[in-house]
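Analysis of the macromolecular model
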Amino acid sequence: MIHAADVREWRNRDVVDTESHKIGVLEAVYVDTTTDEPAMATVRTGLPTRRRLVFVPLEDAIAGPDYLKVGYVRTLVKQAPSIGTDDVLPAEQEEAIFKHYGLTYEPGAAGERQLARR
């Protein structure tokens, strides 16, 4: 299991896929609001003039000395829902991220968000 304290060290590490192909650079980590455990990361991708942040789940992620290996292939991650580099994830877009990866989306009982940026 990845500990929340460790994620502060990951910023600007390369994010690679299951076959060690570079996806992009880690921008931020989002935790599950019910457990406070790391759940998703945003990865900075694209050309310098057209950067965007794509979301990728952190389950089964492996932290190396200068990279973070995620359990998904690069093409799937690059097709994931994204936001601009200066944008904030709108609550209504959270569910689409989970569906993209075939994961169950579970907002709080009163409709609270499932993800919070750290």
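Let me begin by describing the structure that accompanies this report.

Quick notes on the rules
Residues numbered from 1 in each chain as written. Predicted model: local features only at pLDDT ≥ 70, side-chain atom pairs only at ≥ 80, totals over all residues. Heavy atoms only, no water. Phe/Tyr/Trp six-rings, centres within 6.5 Å; stacked < 30°, edge-to-face > 60°. Buried < 20%, exposed > 50% of the residue type's maximum accessible area, 1.4 Å probe, protein only. Helix = DSSP H or I, 4+ residues; strand = E, 2+ residues; numbered from the N terminus. Salt bridge = Lys/Arg side-chain N within 4 Å of Asp/Glu carboxyl O.

All right, on to the packing of aromatic side chains then. Applying the stated rule across the entire model yields 3 aromatic pairs. Measuring from centroid to centroid gives 5.3 Å for Phe-98 and Tyr-105, while their planes differ by 55 degrees, and the two rings are tilted. Among the residues examined, Phe-98 registers a relative accessible area of 5% and is labelled buried.

Backbone geometry follows two general trends: most residues other than glycine have a negative phi, and most peptide bonds adopt the trans configuration. Here the phi dihedral of Ser-20 falls at roughly 65 degrees; this positive angle occurs in a residue that is not glycine. Along the chain, the position of Ser-20 falls in the loop between β1 (14–16) and β2 (22–32). The exposure class of Ser-20 is partly exposed, given its relative accessible area of 45%. Non-glycine residue Asp-36 carries a positive phi angle of around 60 degrees. Relative to the helices and strands, Asp-36 is located in the loop between β2 and β3 (38–45).

Using the criterion set out here, one finds 6 salt bridges in the structure. The residue Arg-113 makes a salt bridge to Glu-94 at a minimum N-O spacing of 2.9 Å. In this pair, Arg-113 is assigned in the loop between α2 (94–100) and β8 (115–117) and Glu-94 in helix α2, connecting sequence segments 19 residues apart. On the basis of relative accessible area, Arg-113 is assigned to the partly exposed category, the value being 30%. Assessed through its relative accessible area of 0%, Glu-94 is described here as buried.

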